[in-house]
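# Chain and residue survey
Listed below are the residues making up each chain.
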Amino acid sequence: FFILYLFFMIPLSLVLLIVKSGIYQPISLLLNGVKKISEGSLNTRIEDIPIYEFGKLGETINYMSESLKNREEEIQRNYQELENAHNDLHDSYIKLESLSMELERSEELYKSLMEDSSDAIVVIGGTENVKMMNKMAEDFFGYNSQEIAGLPLTKLLLLLNVENIPKINKLF
């Protein structure tokens with residue numbers, strides 16, 4: 001009975017030893033490497049495994065890890081670029097907001113000066129058309145601002161019965 005026991009135990013032990021060294025250890029190496037990679041350690045590399053299929057699997061996992069590392073670096077660069085663009089846009093927005101507020105104050109001051117002025121003011125545009133005139137100009141010329149706005153300067157002078165239009169036109 002003891003011989004029969006040894007006869008079965010010795011081959012079984014050899015099979016277990018082969019399974020442990022040929023299957024269990026390579027799978028354990030692969031699993032440990034994959035676990036480290038899944039935890040974020042993308043620099044992890046799986047050693048060469050002498051068994052062909054496990055070796056190929058290890059190479060593939062190493063390639064995947066390298067690809068993930070490159071992708072993460074690319075994502076970080078893109079995130080940094082987006083953050084910089086966001087900061088630039090935010091700064092531009094703040095400057096634009098400030099300029100807008102300055103423009104509003106300037107327009108209010110301009111309108112206030114136009115309306116509160118004791119002089120008759122007529123604004124002529126680059127095309128020599130009347131752009132606007134203040135209340136004193138309306139009273140002085142006897143015409144409403146809406147009637148005069150958009151008219152050529154020469155037409156305004158004709159309405160006012162100015163005699164020497166070319167000479168007056170040169171003054172403007």
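Per-chain numbering applies: the sequence of each chain, read as written, is numbered from 1 onward. Totals for whole chains, interfaces and linings use all residues, but because this is a predicted model, local features are given only for residues with pLDDT of at least 70 and pairs of side-chain atoms are given and counted only at 80 or more. The side-chain quantities take in all heavy atoms of the structure and omit both hydrogens and water.

### Quick look at the overall build of the chain
For clarity, the cut-off: Going along the chain from the N terminus, every DSSP run of H or I of four or more residues is numbered as a helix, and every run of E of two or more is numbered as a strand. Contact between two residues is taken to exist if any of their heavy atoms lie within 4.5 Å; hydrogens are not considered. Note on areas: Shrake-Rupley, 1.4 Å probe, and residue coverage restricted to the protein chains presented here. Residues scored as charged are limited to Lys and Arg (positive) and Asp and Glu (negative), so that His and the chain ends carry no count. A single reference atom marks each charge: NZ on Lys, CZ on Arg, CG on Asp, CD on Glu.
Along its length, the chain carries six helices and two strands. For the chain, the succession of helices and strands along the chain, N to C, is α-α-β-β-α-α-α-α. Expressed as lengths along the three principal axes of its C-alpha atoms, the size of the chain is roughly 140 × 30 × 20 Å. Restricting the contact set of the chain to residue pairs at least 6 apart, pairs at least 24 apart contribute 23%. Summing over all exposed atoms, the chain offers an accessible surface of approximately 13800 Å²; the carbon and sulfur share of this is 61%. Between the mean site of the 16 positive side-chain charges and the mean site of the 26 negative ones, the chain shows a separation of 6 Å.

### Some words on the pattern of salt bridges
What counts, and what does not: A pairing counts as a salt bridge when a side-chain nitrogen of Lys or Arg comes within 4 Å of a carboxyl oxygen of Asp or Glu. Between buried and exposed lies partly exposed: a residue is buried under 20% and exposed over 50% of the maximum accessible area for its type, with that area taken using a 1.4 Å probe on protein chains only.
Using the criterion set out here, one finds five salt bridges in the structure. Note that glutamate 66 is salt-bridged to arginine 45, the shortest N-O span being 2.4 Å. Note that glutamate 66 is positioned in helix H2 (residues 52-116) and arginine 45 in the loop between helix H1 (2-38) and H2, a separation of 21 residues in sequence. The partly exposed category is assigned to glutamate 66, whose relative accessible area is 32%. Overall, arginine 45 belongs to the partly exposed group, its relative accessible area being 37%. Its salt-bridge partner being lysine 56, residue glutamate 59 comes within 3.5 Å of it at the nearest N-O pair. With a gap of three residues between them, glutamate 59 and lysine 56 both fall in helix H2, about one helical turn apart. Three or more residues are tied together by salt bridges with common partners; here these are Lys135, Glu138 and Asp139.

### Concerning the packing of aromatic side chains
Definition in use: Put simply, two rings from Phe, Tyr or Trp (the six-membered ring, in Trp's case) pair if the centres are within 6.5 Å, and we call them stacked under 30 degrees between planes, edge-to-face over 60, tilted for the rest.
Per the counting criterion, the structure on display carries one aromatic pair. Look at phenylalanine 140 and phenylalanine 141: their rings are 5.1 Å apart centre to centre, the planes differ by 75°, and that puts the pair in the edge-to-face class. Among the residues examined, phenylalanine 140 registers a relative accessible area of 61% and is labelled exposed. The class of phenylalanine 141 is partly exposed, set by a relative accessible area of 23%.

### Re a nonpolar patch on the surface
To be explicit about the condition: Here a patch means residues that are over 30% exposed by relative accessible area and free of salt bridges, tied together within 9 Å if like-charged and within 5 Å if nonpolar (Val, Leu, Ile, Met, Phe, Trp, Tyr).
A cluster of nonpolar residues, Phe2, Ile3, Tyr5, Leu6, Met9, Ile10, Leu12, Leu14, Leu16 and Leu17, forms a patch on the protein surface that exposes about 1000 Å² of accessible area. The class for leucine 16 is exposed, based on a relative accessible area of 53%.

### Examining the confidence of the model for the chain
Definition in use: A score from 0 to 100, pLDDT tells how confident the predictor is in each residue.
With 92% of its residues at a pLDDT of 70 or more, the chain has an overall mean of 87. Across the chain, element-level confidence peaks in H2 with a mean pLDDT of 94 and bottoms out in helix H6 (residues 165-171) with 55.

### Comments concerning the pairing of strand E2 (residues 130-133)
This is how it is decided: Here, any two strands with at least 2 DSSP bridges between them count as paired.
As judged from the three bridges shared by strand E1 (residues 122-124) and E2, these two strands associate in the antiparallel manner. Among the inter-strand pairings, valine 123 is bridged to a residue of E2, identified as methionine 132. Linking two consecutive strands that pair antiparallel, namely E1 and E2, is a turn of five residues; a positive phi of about 60° is found at glutamate 128 within it.

### Overview of unusual backbone geometry
Although it is not a glycine, glutamate 128 sits at a positive phi angle of roughly 60°. Tracing the backbone shows glutamate 128 in the loop between E1 and E2.

### Here's the deal with the side chain of glutamate 138
Spelled out, the test is: Definition of a polar contact: a pair of N or O atoms within 3.5 Å, with one able to donate and the other able to accept a hydrogen when the atoms are protein atoms, and with sequence-neighbouring residues admitted only if both atoms are side-chain atoms.
On the secondary structure map, glutamate 138 appears in helix H3 (residues 135-141). Assessed through its relative accessible area of 17%, glutamate 138 is described here as buried. In terms of polar contacts, glutamate 138 uses its side chain to reach the backbone amide nitrogen of serine 145, at 2.9 Å.

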